[in-house]
Amino acid sequence: MARIIGAVASTHVPAIGKAIAEKKQNDPYWKPFFQGFDYVHGWLAREKPDVAVIFYNDHGLNFFLDKLPTFAVGAADEYGNEDEGWGIPVARAVPGDPQLSWHLINALVADDFDITMCQQMLIDHAVTIPMALMWPGEAWPVKIVPVSINTVQHPLPSLARCLSLGRSIGRALQSYPRDLRVMIVGTGGLSHQLDGTRAGFINKDFDQLCMSKIADDPQALTGYSIHDWVELAGAQGVEFLNWMAMRGALTGRVKELHRNYHIPISNTAAATLVLENEDVPAQMAA
Ligand code: DHB
Ligand code: FE
């Protein structure tokens, strides 16, 4: 049976890709951020996931404002990247696991999620930057199932809806008969706003609240509306929806193993989190 081993949540700021390409990991500006991944590297080396289910938001590479699905699930053999214009190198393609993708798609539709299924899908910096952070240098050792959540064009799905989406995927993973070690990834955030009169807005207190609630009490965060979230976390802080879905997919007993928070990386409050998922029988799961 598939086992959900835990999750990594990470900021996906494109400038990180440029810093990696220019080997700036130890520069004073970058060190406090990159150091936060030392723990992640050890955890991944110990846990050895086979597959990563990645909740992220596409920023216009695969979907644009003309057609923007609320939820889209990749079902491709391989996911390519293209030049997005941030001055970062084009990333290598990442292998998919279409058999697992279709299992998740079937389960989601059976659970009344009206998703878009993508047999061709480009992945943008919201996937490639966290991959490069988790597995620096070496070949990326996992297959992926990318799940894209609209955090770009309003109306956006609610926090509760994204938590439910994740839970549906978590249940589907638990019933998957292949012996796989599955990790969950949530990317983006934390507070940031890239444009408008509040460009550069960051809210440390609210970020700390989110990080403290996500492991033990994600339900508490569902009381905030999307408009509350824009006000409290900035227009792009809504990328936290990906973290909510990630948390939902952890169906066992969840424990925070590691956290790093550093302001700023580019315009963003940068955060890294590792959560452990201890398997419990389905009926006992929180
Ligand atoms: C930045 C942050 C993002 O989440 C993103 O997608 C692009 C840029 C930034 O802070 O520069
Ligand atoms: Fe983003």
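Criteria and cut-off values
- Residues numbered from 1 in each chain as written.
- Chains lettered and ligands numbered in written order.
- Predicted model: local features only at pLDDT ≥ 70, side-chain atom pairs only at ≥ 80, totals over all residues.
- Heavy atoms only, no water.
- Donors = N, O, S within 2.8 Å, 3.2 Å for Na, K, Ca; no water.
- Helix = DSSP H or I, 4+ residues; strand = E, 2+ residues; numbered from the N terminus.
- Buried < 20%, exposed > 50% of the residue type's maximum accessible area, 1.4 Å probe, protein only.
- Salt bridge = Lys/Arg side-chain N within 4 Å of Asp/Glu carboxyl O.
- Phe/Tyr/Trp six-rings, centres within 6.5 Å; stacked < 30°, edge-to-face > 60°.
- Lys NZ or Arg CZ within 6 Å of the ring centre and 35° of its normal.
- Axes fitted to C-alpha atoms, helices over the stretch in contact; angles between N-to-C directions.
- Parallel < 35°, antiparallel > 145°, perpendicular 65-115°, else oblique.
- Left-handed = near helix turned anticlockwise from the far one by under 90°.
- Contact = heavy atoms within 4.5 Å.
- Nonpolar A, V, L, I, M, F, W, Y, C, P; charged D, E, K, R; others polar.
- Near = heavy atom within 4 Å.
- Polar contact = N/O pair within 3.5 Å; in protein donor to acceptor, adjacent residues only side chain to side chain.
- Areas by Shrake-Rupley, 256 points an atom, 1.4 Å probe, with all protein chains shown as cover.

A. Fine view of the coordination of the iron ion (ligand 2). In the first shell of the iron ion (ligand 2), the protein supplies His12 (NE2), His59 (NE2) and Glu239 (OE), at 2.0 to 2.2 Å from the metal. Motif for the iron ion (ligand 2), donor spacing along one chain: H-x46-H-x179-E. A residue pair is termed long-range when its members are at least 10 positions apart, and histidine 12 in the loop between β1 (3–10) and α1 (15–21) and histidine 59 in the loop between β2 (51–56) and β3 (71–74) qualify at 47 residues. Using a relative accessible area of 4% as the deciding quantity, one classes histidine 12 as buried. Given the relative accessible area of 34%, histidine 59 is considered partly exposed.

B. Inspection of the pattern of salt bridges at higher detail. Under the counting rule described, the total for this entry stands at 10 salt bridges. Across the salt bridge formed by arginine 171 and aspartate 111, the nearest N and O atoms sit 2.7 Å from each other. Here arginine 171 is found in helix α6 (residues 159–174), whereas its partner aspartate 111 is found in the loop between α4 (98–110) and β6 (116–118), with 60 residues between them in sequence. Among the residues examined, aspartate 111 registers a relative accessible area of 32% and is labelled partly exposed. Arginine 259 is paired through a salt bridge with glutamate 256; the nearest N and O atoms lie 3.0 Å apart.

C. Quick look at the packing of aromatic side chains. With the rule as written, the count across this model stands at 10 aromatic pairs. Both rings, one in phenylalanine 33 and one in phenylalanine 34, keep their centres 5.5 Å apart while their planes meet at 70°; by these two values the pair is edge-to-face. Owing to a relative accessible area of 10%, phenylalanine 34 belongs among the buried residues under this scheme. Ring pairing ties together the aromatic residues Tyr29, Trp30, Phe33, Phe34 and Phe37, which thus form one cluster. It is arginine 46 that lies over the ring of tyrosine 39; its NZ or CZ is 6.0 Å from the centre. Directly above the aromatic system of phenylalanine 201 lies the positively charged group of arginine 198, at a separation of 4.2 Å from the ring centroid.

D. Representation of the packing of α4 against α6 within the structure. At a minimum axis separation of 9 Å, α4 and α6 run at an interaxial angle of 125°. What the angle tells us is that α4 and α6 run oblique. Crossing of α4 against α6: the hand is right-handed. When α4 is examined against α6, the residues Leu100, His103, Leu104, Ala107 and Leu108 are found in contact with a partner set consisting of Leu165, Ser168, Ile169, Ala172 and Leu173. When its residues are assigned to classes, the contact of α4 with α6 shows 8 nonpolar, 2 polar and no charged.

E. Local environment of the site of ligand 1. Neighbouring ligand 1 are the residues His12, Val13, Pro14, His59, Trp86, His125, His192, Leu194, Glu239, Ser266, Asn267 and Thr268. Side-chain polar atom of histidine 192 to an oxygen atom of ligand 1: 2.8 Å apart, as the coordinates give it. Glutamate 239 places a polar side-chain atom, nitrogen or oxygen, 3.2 Å from an oxygen atom of ligand 1. The protein chains hide 95% of the 290 Å² of surface that ligand 1 would expose on its own. When grouped by side-chain class, the residues that make up the shell around ligand 1 number 4 nonpolar, 7 polar and 1 charged.

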